[in-house]
Amino acid sequence: MYLKKIFASYSYLFHPIFIPLYGTLLYFYYNINYFDIRQIYLVLIQVSIISVFIPISFFYLLKTLGLVDTLMLHRINQRKIPLLAQVFLLGILIQKSIKIELMPELYFFFLSGLISLIIALILLFFKVKASLHLLGISSLTAFMIGLSIHNQMNMVYTIALLLLINGLVASSRLILNAHTNKELSIGFVLGTIPQIIVWYCWL
């Protein structure tokens, strides 16, 4: 029971709604010398509001209406509306906040994340459920690998930690009976492949 609670914490700590914020924090951490501190704070606030606080508020609205039961959205029919909302919000973030001229690397991180979410949403209509947890953490891992190559910077410890987190999150979803191996694999592929494809645009 204690072990199950520990693994459950990984599911909450690395919930997909936090991935855009984690990616933004890591991006600025490794590129802090290229940006004004006020600009960094402004982007972080915008990302926090649009990708974290609004989705959480929207979730509680849906819960009040009886359309969802938990933040983990185990059932396929409960995932469609929140995922559509997340696609819409991420699109706004890309259009209004993350400018390609100023932050091309971060822009393509969000763009490929948007592509991954759209594919995951489409798959729901074919009764195929992808692990959004693996989609999120694998996309972040691929982004950091690309950023390491782009900046010619040794980020081996960060990448190794993220790979470990991939394993912990996958184990967490299995132990909690939230996903099958197939669903985890689909999530991993959906998160990784679009990130690798857009490397061509910014590496």
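Higher on the page you've got the structure.
Remember, predicted model here, so these are calculated numbers, not experimental data.

Colleague: What exactly am I supposed to notice about the overall build of the protein here?
Modeller: Summing up its helical and strand segments, the protein has eight helices and zero strands in all. In terms of overall size, the protein behaves like a compact globule, its C-alpha atoms giving a radius of gyration of 16 Å where 203 residues would be expected to give roughly 17 Å. The principal-axis extents of the C-alpha atoms in the protein amount to approximately 45 × 35 × 35 Å. The 203 residues of the protein split such that 50% are buried. Contacts in the protein between residues at least 24 apart in sequence constitute 73% of all its contacts with a sequence separation of at least 6. Of the roughly 10,600 Å² of accessible surface on the protein, a fraction of 70% belongs to carbon and sulfur atoms.

Colleague: Hey, could you run me through a nonpolar patch on the surface in this one?
Modeller: Residues Ile37, Tyr41, Ile45, Ile49, Phe53 and Ile54 make up a contiguous nonpolar surface patch of roughly 590 Å² in combined accessible area. Position of Tyr41 among the secondary structure elements: in helix 3 (residues 37-64).

Colleague: Explanation requested: the side chain of Lys129 in the structure shown.
Modeller: Within the fold, Lys129 resides in the loop between helix 5 (104-124) and helix 6 (132-151). Summary of buried charges: Lys129 has no salt-bridge partner, and the nearest side chain of opposite charge, Glu183, is 4.3 Å away. In this structure the side chain of Lys129 is engaged in a polar contact, spanning 3.3 Å, whose partner is the backbone oxygen of Ala178.

Colleague: Looking at this model, I keep getting lost on helix 8 (residues 181-202). Mind explaining?
Modeller: Quick reminder: α-helices carry 3.6 residues per turn. Residues three or four places apart thus point the same way. Compared with the 32 Å implied by 1.5 Å per residue over 22 residues, the 32 Å span of helix 8 between its first and last C-alpha is a close match. Of the surrounding elements, those touching the buried residues of helix 8 are helix 5, helix 6 and helix 7 (156-175).

Parameters and conventions
Residues numbered from 1 in each chain as written. Predicted model: local features only at pLDDT ≥ 70, side-chain atom pairs only at ≥ 80, totals over all residues. Heavy atoms only, no water. Helix = DSSP H or I, 4+ residues; strand = E, 2+ residues; numbered from the N terminus. Rg over C-alpha atoms; globule rule 2.2 N^0.38 Å. Buried < 20%, exposed > 50% of the residue type's maximum accessible area, 1.4 Å probe, protein only. Contact = heavy atoms within 4.5 Å. Areas by Shrake-Rupley, 256 points an atom, 1.4 Å probe, with all protein chains shown as cover. Patch = residues over 30% accessible without salt bridge, like charges linked within 9 Å, V, L, I, M, F, W, Y side chains within 5 Å. Salt bridge = Lys/Arg side-chain N within 4 Å of Asp/Glu carboxyl O. Lys, Arg positive; Asp, Glu negative; His and termini not counted. Polar contact = N/O pair within 3.5 Å; in protein donor to acceptor, adjacent residues only side chain to side chain. Expected span 1.5 Å × (residues − 1).

Keep in mind these numbers describe shape, not what the thing actually does.
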